[in-house]
Amino acid sequence: MFDYTIRRTLLAIPTLLFISLILFLLLDLAPGDPTAQLPLTIPPEVKEKIRESLGLGQPLVIRYLLWLQQFFVNEPLHYLTEITGWDLSGDRQRVLSWQSRSPVVDIILQRLPQTLWVVGMSYVVGVLIALPIGIISAYRQYSWFDQIGTFVSMIGFSVPTFFTGVLLIVVFSVELGWFPSIYDTTHVVDDWSSFLFQVKQMIMPTMVLALYNAAQISRFMRASMLDNLNQDFVRTARSKGLRESTVVLVHVLRNSMIPVVTVIALGVPTVFGGAIITEQVFKVNGLGQLLITAIQANDIPMVQSLTFIFAILIVAFNLIADVLYGVLDPRIRYD
Amino acid sequence: MTDITQSKLEQQSKPRSQWLDVWDQFSTHKGALAGAGFFLFVLLAVIFGPYVWAIDPQYIDIRARNEGMSLAHPLGTDQLGRDTLARLIRGGQTSMAVGLTAMLLSLVVGTLIGVLAGYVRWLDGPLMRLTDLFLALPLLPLLLVIIMLFRETLRSALGPEAGIFLLMVFVIGITSWMQTARIVRGDVLSLKEREFVLAAVSIGTPGRRIILRHILPNVLSPIMVSATLGIANAIITESALSFLGLGFPSDFPTWGRLLFDAIDYLQQDPGRVLWPGLAISLTVLSVNYMGDGLRDALDPRIRGR
Amino acid sequence: MKPRFIALLAAALLVVATHASAQRGADGHLNIIYWQAPSILNPFLSGGTKDIESASLVIEPLARYDEQGNMVPWLAEEIPTVANGGVADDLMSITWRVAEGITWSDGTPLTAADVAFTAEYCMHPEGGCAQLSSFEHVESVTAIDDRTVEIKYSTPKPFPYGPFVGATSPIIQKAQFQNCLGTSAPGCTDANFMPIGTGPFVVTEFRPNDVISMVANDNYRDPDKPAFASLTFKGGGDATAAGRAVLETGEFDYAWNLQLNPDVLTNMEAAGNGKILASFGTAVERIMVNLTNPDPDLGDERSTRAHPHPFMSDLAVRQALSMAIDRDILNEIGYGSTGRPTCNVVPAPAIYASDANDACLVQDVAGANAKLDEAGWVIGSDGIRAKDGVRLSILYQTSTNAVRQDFQALIKQWWSEIGVETELRNVDASVFFGGDPGSPDTFQKHFADLEMYTNLFDGTDPENYLNTWRCDNEPNPGNGWQGVNIPRYCDPAYDAMLEEMAGTADLDERVRLTKAMNDKLMQEVVMIPLIHRGRVSAHSNSLGGIKMNVWDSELWNAADWFRQ
């Protein structure tokens, strides 16, 4: 398994390079233009000048290689310079956003806290709710608990977040005035009352997303538990006189985790991808909002860097999932 | 044709066939029956509804804007005075068609890739790297490219509506199979090391038969869950695409769009959000119960309990 | 002009007098929300409205337009004119004098060298300056002494107020930007995010596409202003949410550009937390006709002047399409009090607005039918008119936007009543307005029979705008589809009027020519104007001193805002 992990990690490098090339080609091919959002009062010849100043006049290969160099050499060097204080980067160009003309990585780091607070928290909450619901629903199949769980999770998944988010705002911000409808990204938590404010502004977006995530995970958990509850090894375990809780929570659960691990591993990179709609509805302005505004403005360096970072996370977490399969079920072998 | 069914029936009547057992089990599952009933009702309603409720969903009656429920308009009208019931029925046709076909497409692709990657060792690497690639592609630029490349061709070949329909199904299907593939593969990796598969292999059962007989029935439940979630996902994605101007023309109602358009009127006219929201949720719920029933019915360990 | 400045001061004093706590920073914190978030505070590198308006709190021009569209001196002593000797008699140069005692927020004085540097910055050939068109025909900008700056033009300029006038052309500090010229402009992140300005506020934190934090400028020229000690400028979300935050929850004081359904807007206002402001500039929602053939089979010559349109080239068809539209209903549905039906492409300023075309304000389906009958378009068995095998079947496209899609649906129905078949298409705005020559869906390519969008002109002078529809200004493969003459209109008589206008400085003559050109475009139905659109914003009841301005930044007088 260790060999396998090393081999997969090494293989990830060409895979990621290939993915970055495909991403670059895709973004280049996509219609749209960095000057699209400028008012029509700006004449076309001025727009052409702007495009040239962004480097769009150069051939595709040059632009791709330039990005590779900026992202893999100049950015790390810049951060090394910052940490060590030695001048390693010189005046090397970093990856610059076309919208703000500032380094892409700095903006991404600036957005990370609110995304982790809101989207990350909602994922944790979602998983924590989903696992017990899935387990109990399966163990007591067709009980009232199961029926309600099924109903709520199906509603949670089939009603889109653009609706639940607005509904919550109308009820809790407009009518009751309990929570703010606009997330304050500059808020600093340094004492109890500011922590309470942070909780207040997080609660609605977190709940909306948690419901959506929990719905999905609990369905897979339930289905997979049901598959295993009637297996022979469960009967064997029971006949050995093991306690029921041990049977369910150790024997059945462990064997049911494979699909759930897959779903969770697929979900973690999307946490970093932000939740585009929810962030938009609550004005969280995290990574999701960053991505969507960059796409709308055709800010290619930003979109390319963001999607590539997501690609790294996707490859990494799928690898982690594969390793976990081996832990959960030692019979699985990769050669 | 008749001969074949005749002979099939004769065959089945002697020993109790597997499919009859499945049906028996399915029909004892109340939720599944109710789900199937409701699903059938929605299907019939959207297919035959326009003949019963003959108002043109695109007809604008500007004097009857934002009306509540009345005899002339049982579910009220929208901001242009179009009849909500007619739009719900017409929208259902599109949403059901897109939801079902896109879900089937993504399910078939996802299952195929998942089973192949899980079972055939040398395919695992390449197929899973392909999955990684698809997971990494940003949806919006991908859609813009697909639409740019194919819309004009499909429009001239099939007409604006059928062309866009095909494009939507393709786009949604092709961008949503990855989760199914990963889940199925994970299960297959574990299943193929189980005793009953090893036993089948050791007596020389061909690979294809092992997959169809032993592996597939055992990964059915995650596939069923994927199917339920897939329908909801397809209906919502379609609405998001239409909203971005990438889907059907704007005067072409779909459930997702009706819901989206109604959000701004949430406070004035809650009914407008309620009906399409209810239609989507209940349809998804009914598919879910059908899936549950089907899964139970196909599981020989549960059957006959 | 000078008396107006004094009047402005007097008005400001009046506000101060009625306002109890007339002291800088006395009114605490101000919250502004723009649902499009600013990405940079340097208007020369962006050009987006959100960026220009947020920057206008910090950096200022020599002169602004007030809420009536009149030019008022801002950092300058007075507006130079031919009469006061500020503009040369041959219209080849203009001389501005910077007002006395104006300092940057770092305490150093604003000098003519800063003004000249600003021109150098924007006119640098490799800088990609978004406001370059303000500097059109500028030959040189020189600082004559500490407070005097002279702009020389290469041709006579009847309207010489391009550079340094209005929010799009503010003055930046030489000391801060002198190493940021040309290709190094994008590298100056700190300067672009936190420009040093002369305005009422100073940036303390800038988060691109998210939020800006500002505090009052200690060195602002009026010691009692601004009334607010600090402000938050939040961006992101959508117009509905921004309106809700001001009008319903009261979390914010000012929300920009609430382009919402009038029913929704009125409903929000009814909550009683704030008020809606609307003000009319030059923006007109219009349908652009394609006078050339967009048939895909034509390959490279598609939508170029090589092939006239099979039926849009018939004036009767264009007239009938316009007559069948009920602009009152469109306005009621899409804009309410924030729009007005119009039949002109130059609806404002008031002196330029023609009344020769107002017949189109009344819908006339019968008349439209008669017109088509007369022109020989006969209704076929499918209910669609045709002539010589050409069916009146239209592809009508626009950008994705709820109001535009409602308009499309309504207009489609009216046209079906005159035997015209319509296929609707909406294109994502970032593609439609993108101008990517690789995409078939841009508004410049106009691969449709009709397309709908809004256009306007900056400032108050329509000459450049009317120049849009000159022959050879149309997009075509030769210029990479980057032209502006979207209908592909070409008429020597129209061009002759443009020539005449270029040499005319007299205002009355310019008004006459503007109206004549507007009427010509309207009567030949080169485009179908629908709605004269206002800008809509909202403010909370507790915020006072706002003067809604469409001719300049909406935040132009933020120094005078106060809490009441």
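These numbers were taken from a predicted model, which means no experiment stands behind them. (Residues numbered from 1 in each chain as written. Chains lettered and ligands numbered in written order. Predicted model: local features only at pLDDT ≥ 70, side-chain atom pairs only at ≥ 80, totals over all residues.)

Focus on the overall build of chain A
Part 1 of the reasoning: Counting its secondary structure elements, chain A contains 12 helices and zero strands.
Part 2 of the reasoning: From first element to last, N terminus to C terminus, chain A shows the α and β order α-α-α-α-α-α-α-α-α-α-α-α.
Part 3 of the reasoning: Across its three principal axes, chain A shows a C-alpha extent of roughly 80 × 60 × 40 Å.
Part 4 of the reasoning: Residues counted as buried form 47% of the 335 residues belonging to chain A. (Helix = DSSP H or I, 4+ residues; strand = E, 2+ residues; numbered from the N terminus. Buried ≥ 20, exposed ≤ 12 C-beta atoms within 10 Å, placed from the backbone.)

So, the overall build of chain B
Part 1 of the reasoning: A count of helices and strands for chain B gives 13 helices and zero strands.
Part 2 of the reasoning: Going from the N terminus to the C terminus, chain B shows its helices and strands as α-α-α-α-α-α-α-α-α-α-α-α-α.
Part 3 of the reasoning: A principal-axis box enclosing the C-alpha atoms of chain B has dimensions of 75 × 45 × 40 Å.
Part 4 of the reasoning: Relative to its full complement of 305 residues, chain B shows a buried share of 48%.
Part 5 of the reasoning: Across chain B, contacts joining residues at least 24 apart in sequence account for 68% of those joining residues at least 6 apart. (Contact = placed C-beta atoms within 7 Å.)

Some words on the nonpolar core
Part 1 of the reasoning: By size, the foremost hydrophobic cluster in this structure holds 316 residues, and its most contacted members are A:Ile217, A:Leu306, C:Leu62, C:Ala242, C:Ala255, C:Val289 and C:Ala324.
Part 2 of the reasoning: A per-element tally of this core places helix α7 (residues 192-229) of chain A first, with 14 residues.
Part 3 of the reasoning: Excluding anything up to four places from it in sequence, C:Ala255 contacts C:Ile33, C:Ala242, C:Gly243, C:Ala245, C:Val246, C:Ser537 and C:Ala538. (Core = buried A, V, L, I, M, F, W, Y, C linked by C-beta atoms within 7 Å.)

Some details on unusual backbone geometry
All names here are of chain C.
Part 1 of the reasoning: Following lysine 225, the chain continues into proline 226 via a peptide bond in cis, with omega recorded as -5 degrees.
Part 2 of the reasoning: Of note, proline 226 is situated in the loop between β8 (211-216) and β9 (230-235).
Part 3 of the reasoning: A positive phi angle is found at phenylalanine 164, which is not glycine, with a value near 65 degrees.
Part 4 of the reasoning: The residue phenylalanine 164 is located in the loop between β6 (148-153) and α4 (174-177) in this model.
Part 5 of the reasoning: In this model, aspartate 388 sits at a positive phi of 50 degrees, which is unusual for a non-glycine residue.
Part 6 of the reasoning: C-beta crowding within 10 Å serves as the criterion here: with 8 such atoms nearby, aspartate 388 is assigned to the exposed category.

Some points on the interface of chain B and chain C
Part 1 of the reasoning: Between chain B and chain C, the residue contacts involve 21 residues of the former and 26 residues of the latter.
Part 2 of the reasoning: A per-element tally of the side of chain B that touches chain C places helix α6 (residues 139-158) of chain B first, with three residues.
Part 3 of the reasoning: Residue composition of the side of chain B that touches chain C, by class: 11 nonpolar, six polar and four charged. (Nonpolar A, V, L, I, M, F, W, Y, C, P; charged D, E, K, R; others polar.)

Let's talk about the environment of C:Val246
Residues and elements named next belong to chain C.
Part 1 of the reasoning: Relative to the helices and strands, valine 246 resides in helix α6 (residues 239-247).
Part 2 of the reasoning: By C-beta crowding, valine 246 is classed as buried, having 31 other C-beta atoms within 10 Å.
Part 3 of the reasoning: Those residues in contact with valine 246, other than ones at most four positions away along the chain, are Phe252, Asp253, Tyr254, Ala255, Gly274, Ala538, His539 and Ser540.

Topic: the interface of chain A and chain C
Part 1 of the reasoning: At the interface, 45 residues of chain A touch 49 residues of chain C.
Part 2 of the reasoning: If you tally residues by element for the side of chain A that touches chain C, the top one is helix α2 (residues 44-53) of chain A, at eight residues.
Part 3 of the reasoning: Grouping the constituent residues of the side of chain A that touches chain C by class yields 18 nonpolar, 20 polar and seven charged.

Comments concerning the sheet that holds strand β15 (residues 390-391) of chain C
Part 1 of the reasoning: Pairing in this open sheet of three strands is antiparallel, and the strands run β13-β14-β15 (chain C) from one edge to the other. Of all strands in the sheet, those bounded by a partner on one side alone are β13 (378-379) and β15 of chain C. (Pairing = 2+ DSSP bridges.)

A look at the pairing of β9(C)
All names here are of chain C.
Part 1 of the reasoning: As judged from the six bridges shared by strand β1 (residues 29-34) and β9, these two strands associate in the parallel manner. Residue pairing in the sheet places tyrosine 34 in a bridge with glycine 235 of β9.
Part 2 of the reasoning: Where β8 lies against β9, five bridges are found, and the strand directions are antiparallel. From the neighbouring strand, methionine 214 faces β9, where its bridge partner is leucine 231.

Observations concerning the confidence of the model for chain B
Residue and element names in this part refer to chain B.
Part 1 of the reasoning: Scored by pLDDT, chain B comes out at a mean of 82, with 91% of its residues at no less than 70.
Part 2 of the reasoning: Here helix α1 (residues 2-13) stands out as the least confident element of chain B, with mean pLDDT 49; helix α4 (residues 84-119) is the most confident, with 91.
Part 3 of the reasoning: Here residues 9-13 is modelled with pLDDT under 50, and outside its nearest four sequence neighbours on either side it reaches two contacts, counting other chains as well.
Part 4 of the reasoning: Across the interface, the model reports ipTM at 0.83; the global pTM reads 0.84. (pLDDT = per-residue confidence, 0-100.)

Notes on the domain arrangement of chain A
Residue and element names in this part refer to chain A.
Part 1 of the reasoning: The domain architecture assigned to chain A consists of domain 1 (35-97) and domain 2 (104-328).
Part 2 of the reasoning: Once you take the C-alpha centre of each, domain 1 and domain 2 turn out to be 35 Å apart.
Part 3 of the reasoning: With eight residues of domain 1 in contact, the opposing surface of domain 2 contributes 10 residues.
Part 4 of the reasoning: A breakdown of the residues in the side of domain 1 that touches domain 2 according to their chemical character gives five nonpolar, two polar and one charged. (Domains from an automatic or database assignment.)

Description of the sheet that holds strand β5 (residues 138-143) of chain C
All names here are of chain C.
Part 1 of the reasoning: Reading across the sheet, the three strands line up as β4-β6-β5 and stay open at both edges, with antiparallel pairing between neighbours. Here the strands that pair on one side only, and so sit at the sheet edges, are β4 (93-97) and β5. With direction set aside, neighbouring strand axes in the sheet form an average angle of 15 degrees.
Part 2 of the reasoning: Strand direction decides the pairing type here: β5 and β6, joined by five bridges, are antiparallel. Bridge pairing in β6 links alanine 143 to valine 149.
Part 3 of the reasoning: The sheet strands contacting helix α3 (residues 112-123) are β5 and β6, and the helix crosses β5 at an angle near 150 degrees. (Axes fitted to C-alpha atoms, helices over the stretch in contact; angles between N-to-C directions.)

Digging into the environment of C:Ile333
All names here are of chain C.
Part 1 of the reasoning: Relative to the elements of secondary structure, isoleucine 333 occurs in helix α9 (residues 327-334).
Part 2 of the reasoning: With 22 C-beta atoms packed within 10 Å, isoleucine 333 lands in the buried category.
Part 3 of the reasoning: Separated by 74 residues in the primary sequence, isoleucine 333 and phenylalanine 407 have C-alpha atoms spaced 8.4 Å apart.

Some words on the packing of helix α1 (residues 2-29) of chain A against helix α12 (residues 300-328) of chain A
Residues and elements named next belong to chain A.
Part 1 of the reasoning: At a minimum axis distance of 10 Å, the contact between α1 and α12 shows a crossing angle of 150 degrees. Regarding the angle of α1 to α12, the classification is roughly antiparallel. Pair α1 / α12 crosses with right-handed handedness. Touching Thr5, Arg8, Ala12, Thr15, Leu16, Ile19, Ser20, Leu23, Phe24 and Leu27 of α1 are Ile300, Val303, Gln304, Thr307, Phe308, Ala311, Ile312, Val315, Leu319 and Val323, all from α12.
Part 2 of the reasoning: For the contact of α1 with α12, the residue count by class is 14 nonpolar, five polar and one charged. (Parallel < 35°, antiparallel > 145°, perpendicular 65-115°, else oblique. Left-handed = near helix turned anticlockwise from the far one by under 90°.)

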